[in-house]
Amino acid sequence: MTDPYVPVARLTTANTLLTTLETSLATIDDDSDAILADATSAIASAATAAASVKQFNFNLMLGGA
């Protein structure tokens, strides 16, 4: 006869694994939000720098810096 507690143990193990997976996915999501925020900030900084260079080049074209 089969042990009636084996399926319960398997379900408990599966539940533990799913909980661990859920926690890992939440951590990855938090990390990706931080990465996206950093990338957005870097793009904004690059756009500001490009505008500064464009203004500097325009000023040089007018004969001054």
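Relevant structure appears above.
Figured I'd write up the structure that's included with this text. Because the structure is a prediction, the values reported are computed rather than measured.

Turning next to the overall build of the protein. Along the protein, the regular secondary structure elements total 1 helix and 0 strands. Of the accessible surface of the protein, which amounts to about 5,700 Å², a share of 68% is contributed by carbon and sulfur atoms.

Let us now look at a nonpolar patch on the surface. A cluster of nonpolar side chains, namely Leu18, Leu21, Leu25 and Ile28, defines an oily patch on the protein surface of about 410 Å² accessible area. Its place among the elements puts leucine 21 in helix 1 (residues 5-61). Relative accessible area serves as the criterion here: at 45%, leucine 21 is assigned to the partly exposed category.

This brings us to a negative patch on the surface. On the surface, Asp29, Asp30, Asp31 and Asp33 cluster together into a negatively charged patch. Judged by relative accessible area, which is 43%, aspartate 29 ranks as partly exposed.

Rules and cut-offs
- Residues numbered from 1 in each chain as written.
- Predicted model: local features only at pLDDT ≥ 70, side-chain atom pairs only at ≥ 80, totals over all residues.
- Heavy atoms only, no water.
- Helix = DSSP H or I, 4+ residues; strand = E, 2+ residues; numbered from the N terminus.
- Areas by Shrake-Rupley, 256 points an atom, 1.4 Å probe, with all protein chains shown as cover.
- Patch = residues over 30% accessible without salt bridge, like charges linked within 9 Å, V, L, I, M, F, W, Y side chains within 5 Å.
- Salt bridge = Lys/Arg side-chain N within 4 Å of Asp/Glu carboxyl O.
- Buried < 20%, exposed > 50% of the residue type's maximum accessible area, 1.4 Å probe, protein only.
- Lys, Arg positive; Asp, Glu negative; His and termini not counted.
- Charge placed at Lys NZ, Arg CZ, Asp CG, Glu CD.

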